[in-house]
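# Chain and residue survey
Chain by chain, the residues run as shown.
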Amino acid sequence: KNLKELSKKNDLKGLQHVSIYFVLLFIFGYMSVATWGTWWTVLWLWLYGVLFYSSNPIWHECGHRTAFKSKFLNEFFYQIGSFMTDFEPTRWTWSHFRHHSNTSSVADPHDFEAALFHQYPSLKSFLFSFAPFYELIKFKDSFKFETIKHALGMTTPVMKECIPQNEIWKCRLISRIHVSLWIASFALSFYLMNPLPALLIFFPRYWGNIVNIFNMTQHIGLPEDIKDHRFTTRSVRFNPIFSFLYWHMEYHVEHHMFPSVPSYNLPKLSNLIKDQLPKANSSLYDAYKEIIPAIIKQHKDNSYFIQKEIAS
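In what follows, the accompanying structure is described. (Residues numbered from 1 in each chain as written. Predicted model: local features only at pLDDT ≥ 70, side-chain atom pairs only at ≥ 80, totals over all residues. Heavy atoms only, no water.)

Turning our attention to the overall build of the chain. Helix and strand counts for the chain come out as 20 helices and 0 strands. Buried positions account for 51% of the 312 residues belonging to the chain. Counted over contacts in the chain with a minimum sequence separation of 6, partners at least 24 positions apart contribute 67%. Total accessible area on the chain stands at roughly 15700 Å², and carbon and sulfur atoms take up 66% of it. Taking the 31 positively charged and 24 negatively charged side chains of the chain as two groups, their mean positions are separated by 3 Å. (Helix = DSSP H or I, 4+ residues; strand = E, 2+ residues; numbered from the N terminus. Buried < 20%, exposed > 50% of the residue type's maximum accessible area, 1.4 Å probe, protein only. Contact = heavy atoms within 4.5 Å. Areas by Shrake-Rupley, 256 points an atom, 1.4 Å probe, with all protein chains shown as cover. Lys, Arg positive; Asp, Glu negative; His and termini not counted. Charge placed at Lys NZ, Arg CZ, Asp CG, Glu CD.)

Next up, the structure:
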């Protein structure tokens, strides 16, 4: 009964979030243009990039069809959020389904979204993932490059293993639309002899990637190939600003266990089942106090993982 109530979608709550988000994004974008040629532009562009890359939770929530009750609104903002996050939406619909079904799986079927923690990065490479423009430097490993390959008709492993045959055409079509929009932003910049169009459309995620500090808390350092989400997934408690930017996805164990529950109901869900969950990390700092040592240990010993405890 509680789950049924908590699973109800609400257009008003979804619209409230995306309205605040896009109004702020417009303000930061406008101020970037208005202050162009001054040092203030650096501040406004940085804020714009951070907020731009915070579109990730919009893609995610709409992809689960839990942001809104309306199917149209979910699909509309799913497409927009996917473009802003560099995620081709067809590919991510299917790879994300696998991510929930086989969280942190290194066997068949492989969890393509969990690739980072299968690589056991060094602390240096992990910290560099937050550095501005690092992903652009490693462009061949980026999601943009994957989209370009799909647009060119290439078949990648994720396309072959995750996307149904009758959906591949859609993946290629939307990939070509994304690439066309990126090219258009550069063409407009050349036409205007001003880099702002490309800076506002193509590049923001490359200096807004500090937001990865939220995403990295989800699964890193935890065990693989275990079906119980309580052991493979981490929940953290954020302050109100971080929680807004992340659209409550810091309640990540709860989300993996009950993906039909909208993010704005996850705090209520967490309170109902808290005696059956591992203790959530109290803050980002608290989460990274266990993540950083785990990365150092896993880089040397890939059998190591953090063991979460559940009260009996």
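Quick look at helix α19 (residues 266-273) now. For α19, every residue scored as buried is listed here: Leu266, Leu269, Ser270 and Ile273. Down the axis of α19, the smallest arc covering the buried residues is 100 degrees, so these residues share one side. (Arc of directions from axis to C-beta.)

In this model, Met193 sits at a positive phi of 55 degrees, which is unusual for a non-glycine residue. Secondary-structure assignment places Met193 in the loop between α12 (168-192) and α13 (196-201). Residue class for Met193 comes out exposed when judged on its relative accessible area of 71%. The backbone of His248 sits at a positive phi, close to 65 degrees, despite the residue not being glycine. Along the chain, His248 turns up in the loop between α17 (240-245) and α18 (252-257). Since its relative accessible area comes to 23%, His248 is described here as partly exposed.

With that settled, the discussion passes to the packing of helix α2 (residues 11-34) against helix α5 (residues 71-85). For the pair α2 and α5, the least separation of the axes is 12 Å and the interaxial angle reads 30 degrees. Considered as vectors, α2 and α5 are oriented roughly parallel to each other. The two elements α2 and α5 meet at a crossing, and its hand is left-handed. Contacts from Asp11, Leu15, Val18, Tyr21, Phe22 and Leu25 of α2 reach α5 at Leu73, Phe77, Ile80 and Met84. (Axes fitted to C-alpha atoms, helices over the stretch in contact; angles between N-to-C directions. Parallel < 35°, antiparallel > 145°, perpendicular 65-115°, else oblique. Left-handed = near helix turned anticlockwise from the far one by under 90°.)

This next bit is on the layout of surface pockets. In this model, the second largest pocket occupies a volume close to 240 Å³. Residue assignment for the lining of the second largest pocket shows that the elements contributing at least two residues are α2, α3 (40-53), α15 (212-215) and α17. Class assignment of the residues belonging to the lining of the second largest pocket gives a composition of 14 nonpolar, no polar and no charged. (1 Å grid on protein atoms, 1.4 Å probe; cavity = no way out; pocket = protein on both sides within 12 Å on 5 of 7 lines; lining within 4 Å. Points joined across faces, edges and corners; volume = space filled by probe spheres on them. Nonpolar A, V, L, I, M, F, W, Y, C, P; charged D, E, K, R; others polar.)

Quick look at a nonpolar patch on the surface now. Taken together, the side chains of Ile20, Val23, Leu24, Phe26, Ile27 and Tyr30 present a nonpolar region at the surface, about 580 Å² in accessible area. Secondary-structure assignment places Phe26 in helix α2. Note on Phe26: relative accessible area 61%, which makes it exposed. (Patch = residues over 30% accessible without salt bridge, like charges linked within 9 Å, V, L, I, M, F, W, Y side chains within 5 Å. Salt bridge = Lys/Arg side-chain N within 4 Å of Asp/Glu carboxyl O.)

A separate point is the side chain of Asn102. As for its position among the elements, Asn102 is in the loop between α6 (89-101) and α7 (115-118). For Asn102, a relative accessible area of 15% puts it in the buried group. In this view, Asn102 contacts Pro109, Asp111 and Lys227; residues no more than four positions away in its chain are not counted.

Let us look at the pattern of salt bridges. Taken as a whole and assessed by the stated rule, the structure comprises 14 salt bridges. The shortest N-O distance in the salt bridge between Arg91 and Glu146 comes to 2.8 Å. With Arg91 in helix α6 and Glu146 in helix α10 (residues 143-151), this pair connects stretches of sequence that are 55 residues apart. Both residues of the pair, Arg91 and Glu146, count as buried. Of the charged contacts, one joins Lys140 and Asp141 as a salt bridge, the two residues approaching to 3.5 Å between their closest N and O atoms. By relative accessible area, which is 62% here, Lys140 ends up exposed.

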